Amino acid sequence: ALFVLGLIVVDKGSQAFKAICRKTNAEEYEAAMERYYENREFGQLYEYMSEKDLFGEEQYRYSQAALLGYDFERFQGYKLQFLELPEEKKQEDTYYMKYSITHGLEVYALDVGIYSEPIPENEALYEELRGEVMAYLVGTLGLTGEEVLPLTKGSIILSSDAEPLVKLAKERRARNE
């Protein structure tokens with residue numbers, strides 16, 4: 001029991017230390033976040049905010065942009081892996097296509113946890129990323145907006161949500177060969 005109590009005290013002390021650091025270095029943190037944000041370095045913004053434990057309501061704009069950028073980078077990674085496959089492998093692939101669709105849907109739906117409420121400061125970023133996702137889903141995979149949009153209305157996007165779209169995309173790719 002004393003060990004558990006000791007862990008609780010250490011955790012509370014660690015949280016208090018982090019809060020003091022955030023207040024002491026607030027201007028420095030704000031300047032760094034603003035620089036990453038303005039330079040559209042959302043992956044670096046995510047890493048910085050994670051390292052410094054800066055996610056929170058008081059940093060909503062940065063938190064949302066960092067998480068959205070993180071999801072977009074994951075989408076881009078799976079999309080590029082899929083696109084780099086030889087044509088014959090693309091028809092067999094379900095992994096890269098499925099996860100590119102899943103992460104694309106997360107971006108489109110602004111599925112970034114507690115930061116999922118759109119705000120004006122991030123509207124241009126949000127619309128740009130949504131456009132890139134839709135260009136891939138419609139232009140590359142041959143899906144339609146009518147097939148994609150209903151899946152972006154849920155609160156959480158799961159990889160299983162992408163399975164019907166993978167099936168449709170594969171069928172269309174097979175017909176077009």
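For the structure itself, look to the data block above.
Summary of the structure given here. What you see is a predicted model, and the numbers here were worked out from it, not measured in a lab. (Residues numbered from 1 in each chain as written. Predicted model: local features only at pLDDT ≥ 70, side-chain atom pairs only at ≥ 80, totals over all residues. Heavy atoms only, no water.)

**Side note on helix α2 (residues 26–38)**
Okay, so step 1: Its 13 residues place the ends of α2 18 Å apart at the C-alpha level, agreeing with the 18 Å of an ideal helix rising 1.5 Å per residue.
Okay, so step 2: For α2, every residue scored as buried is listed here: Tyr29, Ala32, Met33, Tyr36 and Tyr37. Here the buried residues of α2 occupy an arc of 135 degrees about the axis, which is enough to place them on one side.
Okay, so step 3: Arg40, located one to two residues past α2, shows a positive phi value of around 60 degrees. (Helix = DSSP H or I, 4+ residues; strand = E, 2+ residues; numbered from the N terminus. Expected span 1.5 Å × (residues − 1). Buried < 20%, exposed > 50% of the residue type's maximum accessible area, 1.4 Å probe, protein only. Arc of directions from axis to C-beta.)

**Looking at the nonpolar core**
In globular proteins that are soluble, nonpolar side chains generally tend to be buried together.
Okay, so step 1: The biggest cluster of nonpolar side chains holds 45 residues, and the ones touching the most others in it are Met33, Leu45, Leu68, Ile101, Leu137, Leu141 and Leu143.
Okay, so step 2: Mapped onto this core, the elements with two or more residues apiece are α2, α3 (42–52), α4 (60–83), α6 (95–108), α7 (123–140) and α9 (163–176).
Okay, so step 3: In terms of residues, this core owes the most to one element, α4, which gives 9 residues.
Okay, so step 4: Excluding anything up to four places from it in sequence, Met33 contacts Leu45, Tyr48, Met49, Leu54, Gln59 and Tyr62. (Core = buried A, V, L, I, M, F, W, Y, C linked by side-chain atoms within 4.5 Å. Contact = heavy atoms within 4.5 Å.)

**Observations regarding the pattern of salt bridges**
Okay, so step 1: Following the criterion strictly, the structure yields 10 salt bridges and no others.
Okay, so step 2: The salt bridge involving Arg40 is made with Glu128; its shortest N-O contact spans 2.6 Å. Placement of the pair is Arg40 in the loop between α2 and α3 and Glu128 in helix α7, with a sequence separation of 88 residues.
Okay, so step 3: Classification of Arg40 by relative accessible area gives partly exposed; the value is 43%.
Okay, so step 4: One connected set of salt bridges, linked through shared partners, spans Glu87, Lys90 and Arg173. (Salt bridge = Lys/Arg side-chain N within 4 Å of Asp/Glu carboxyl O.)

**A short note on α6**
Okay, so step 1: Taking 1.5 Å as the rise per residue, α6 with 14 residues should run 20 Å; its terminal C-alpha atoms sit 20 Å apart, in good agreement.
Okay, so step 2: With 11 of 14 residues buried, α6 lies mostly within the body of the structure.
Okay, so step 3: Those residues of α6 not exposed but buried are Met97, Lys98, Ser100, Ile101, Thr102, His103, Gly104, Leu105, Glu106, Val107 and Tyr108.
Okay, so step 4: For α6, the elements touching its buried residues are α4, α7, α8 (145–148) and α9.
Okay, so step 5: Of the residues one or two after α6, Leu110 is the one with positive phi, at around 55 degrees.

**Digging into the packing of aromatic side chains**
Okay, so step 1: Under the criterion given, the structure shown has 14 aromatic pairs.
Okay, so step 2: Plain terms: the ring middles of Tyr29 and Tyr48 are 6.2 Å apart, the flat faces sit at 80 degrees to each other, and that makes the pair edge-to-face. With Tyr29 in helix α2 and Tyr48 in helix α3, this pair connects stretches of sequence that are 19 residues apart.
Okay, so step 3: Here a set of aromatic residues connected by ring pairs shows up, and it is made of Tyr78, Tyr95, Tyr96 and Tyr99.
Okay, so step 4: Between Arg35 and the ring centre of Tyr36, over which it is positioned, the NZ or CZ distance is 5.6 Å.
Okay, so step 5: It is Arg61 that lies over the ring of Tyr37; its NZ or CZ is 4.4 Å from the centre. (Phe/Tyr/Trp six-rings, centres within 6.5 Å; stacked < 30°, edge-to-face > 60°. Lys NZ or Arg CZ within 6 Å of the ring centre and 35° of its normal.)

All we've got here are geometric facts, nothing functional implied.
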